[in-house]
Amino acid sequence: MLKDRSLHPRFGYLLFWYLLGQSGLGKSTLLNSLFLCELYSDAVYPSPDKRIPSTTKVQTSTVELAEGGVRLRLSLVDTPGFGDSVDNSQCSQPIVRHIDQQFEDYLNAQSEIQRIKVPDTRVHACLYFIAPTGHGLKPLDISVMKELHQKVNIIPLIAKSDTLTVDECVAFKQRILSEIEANGIKVYTFPSSGEDEEEAELNRQMRSRMPFAVVGSNTTLTTAGKKVRGRKYPWGIIDVENLDHCDFSALRNMLIRTHMQDLIDTTDHVHFEAYRYGKLASAVNPTFQATGSETRNPLAQFEEEKKQHELKMLKMQEEMEQVFEMKVMEKKQKLKDSEADLAKRRDAMQASIEKQQRELEERRQQFNDDKAEFEAQQRKYQHDREAMTMQKTLSNSGLKQPKDKKKDKKGIFS
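So, here's what we can say about the structure. (Residues numbered from 1 in each chain as written. Predicted model: local features only at pLDDT ≥ 70, side-chain atom pairs only at ≥ 80, totals over all residues. Heavy atoms only, no water.)

**Describing the overall build of the chain**
Right, on to step 1. Across its full length, the chain carries nine helices and 10 strands.
Right, on to step 2. Out of the 414 residues belonging to the chain, those deemed buried represent 34%.
Right, on to step 3. Surface exposure of the chain reaches about 28100 Å², of which carbon and sulfur atoms provide 53%. (Helix = DSSP H or I, 4+ residues; strand = E, 2+ residues; numbered from the N terminus. Buried < 20%, exposed > 50% of the residue type's maximum accessible area, 1.4 Å probe, protein only. Areas by Shrake-Rupley, 256 points an atom, 1.4 Å probe, with all protein chains shown as cover.)

**Describing the packing of aromatic side chains**
Right, on to step 1. On inspection of all chains with the given rule, the structure shows six aromatic pairs.
Right, on to step 2. Ring geometry for F82 versus Y128: centroids 6.4 Å apart, planes at 90°, classification edge-to-face. Linking F82 in the loop between β4 (70-78) and α2 (93-110) with Y128 in strand β5 (residues 125-130), this pair joins segments that are 46 residues apart in sequence. Each member of the pair F82 and Y128 is classed as buried. (Phe/Tyr/Trp six-rings, centres within 6.5 Å; stacked < 30°, edge-to-face > 60°.)

**Topic: a negative patch on the surface**
Right, on to step 1. A cluster of acidic residues, E318, E319, E321 and E325, forms a negative patch at the surface.
Right, on to step 2. Locating E325 in the fold gives a position in helix α8 (residues 298-397). (Patch = residues over 30% accessible without salt bridge, like charges linked within 9 Å, V, L, I, M, F, W, Y side chains within 5 Å. Salt bridge = Lys/Arg side-chain N within 4 Å of Asp/Glu carboxyl O. Lys, Arg positive; Asp, Glu negative; His and termini not counted. Charge placed at Lys NZ, Arg CZ, Asp CG, Glu CD.)

**A word on the sheet that holds strand β10 (residues 236-239)**
Right, on to step 1. Within the open sheet, the three strands sit side by side as β8-β9-β10. Their pairing is antiparallel. Single-partner strands in this sheet number two, and they are β8 (220-223) and β10. With strand direction ignored, the average angle separating the axes of adjacent strands in the sheet is 70°.
Right, on to step 2. Taken together, the four bridges between strand β9 (residues 226-233) and β10 define a ladder with antiparallel strand orientation. Along β10, the bridge assignment pairs K232 with I237. (Pairing = 2+ DSSP bridges. Axes fitted to C-alpha atoms, helices over the stretch in contact; angles between N-to-C directions.)

**A short note on empty space enclosed by the protein**
Right, on to step 1. Tallying each qualifying case throughout the model produces one cavity of 30 Å³ or more.
Right, on to step 2. Size it by volume and the largest cavity reaches roughly 40 Å³.
Right, on to step 3. Counting residues per element, the ones that place at least two in the lining of the largest cavity are β5 and α3 (139-148).
Right, on to step 4. Residue contributions to the lining of the largest cavity peak at three residues, all from β5. (1 Å grid on protein atoms, 1.4 Å probe; cavity = no way out; pocket = protein on both sides within 12 Å on 5 of 7 lines; lining within 4 Å. Points joined across faces, edges and corners; volume = space filled by probe spheres on them.)

**Let's talk about unusual backbone geometry**
In terms of backbone geometry, most residues other than glycine have negative phi values and most peptide bonds are trans.
Right, on to step 1. Geometrically, the link from M210 to P211 is a cis peptide bond, its omega value of -10° lying close to zero.
Right, on to step 2. Mapping P211 onto the fold places it in the loop between α5 (197-208) and β7 (212-213).
Right, on to step 3. A positive phi angle, close to 50°, is found at K160, a residue other than glycine.
Right, on to step 4. Here K160 lies in the loop between β6 (154-158) and α4 (166-182).
Right, on to step 5. The partly exposed category is assigned to K160, whose relative accessible area is 39%.

Structure, rendered in structure tokens:
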């Protein structure tokens, strides 16, 4: 939100924007739509046969706006000739030099013995217009954003998004974001948290619309009894302030209402501090070369280190879990091997016991058989001995043995 510290006592609110993109992408029209006035009404566009090849130029225009007692001094930097040459390898150098010069002027003013309040001419936002090709970023877009992303808040815009269907626009946004992330480009990021839930929800909504698909118009149309800025087509009217048609309204609210102070603070606390750090370090050590790490926001750096630490802890946790699982598996395998060995030993002991029991049973049976045979022999021996003793006694006494009466008995006819 807007705060009093962004006010200049003489000029009111001070904003410094860069309009970066190839010719014909509607940069002037979008600015006219943002402030509902003709900022570039006197612009003259030569015919193609009168145009001559030119290098990138930096042109600064200052516009003072006032509404409801609130004054706004807006400095717009246009770059005619950007990307219009056959060889565009050096087209970003004038832009880099201009941004560094603004930092240098502000640093010199802050380094004076007696500091004075000077207008802040540092670039607070760079509106980078992307051609609505639907095929992703051009090599020129990637190289330029790589050179500027550590010096200014880059806000990517899909120009003339009314040339794309809804599905094409959504796919184009996703492709642009993936290419920005793949190339390590740091565009302006909305705060991850807010002072309250409403502000946090606003940041989430703004973050979901990046990059902004915008449509500009200098024409006022009447639809449903209401005058709007829009474009008329055979199939209907595009209202540039309707969020269902494009992201123009969200972009305007972000730039001059909800996140203007955050853009100014980010420029002061991140980009300018990085430039000041590089200048002081090079003054102390002439061989110093900026590596890019010093341009990071301390909070963003802390968040990144926090994420890296969390990833490291997560990796360590996964490794410990893997080691624990391996040890558990090894222990289980040892227990299984021990159980198998114990079962084998138990089976062997059981078989040995059963064998011993069988042998013992066989010996017991053999013993019983031998005992029965011995007893039978003993009885026979005793019987024979008794018989011999009786016979001997009879023979000694001279008695004859009585005859068997049955044998002496004769029959009737014998």
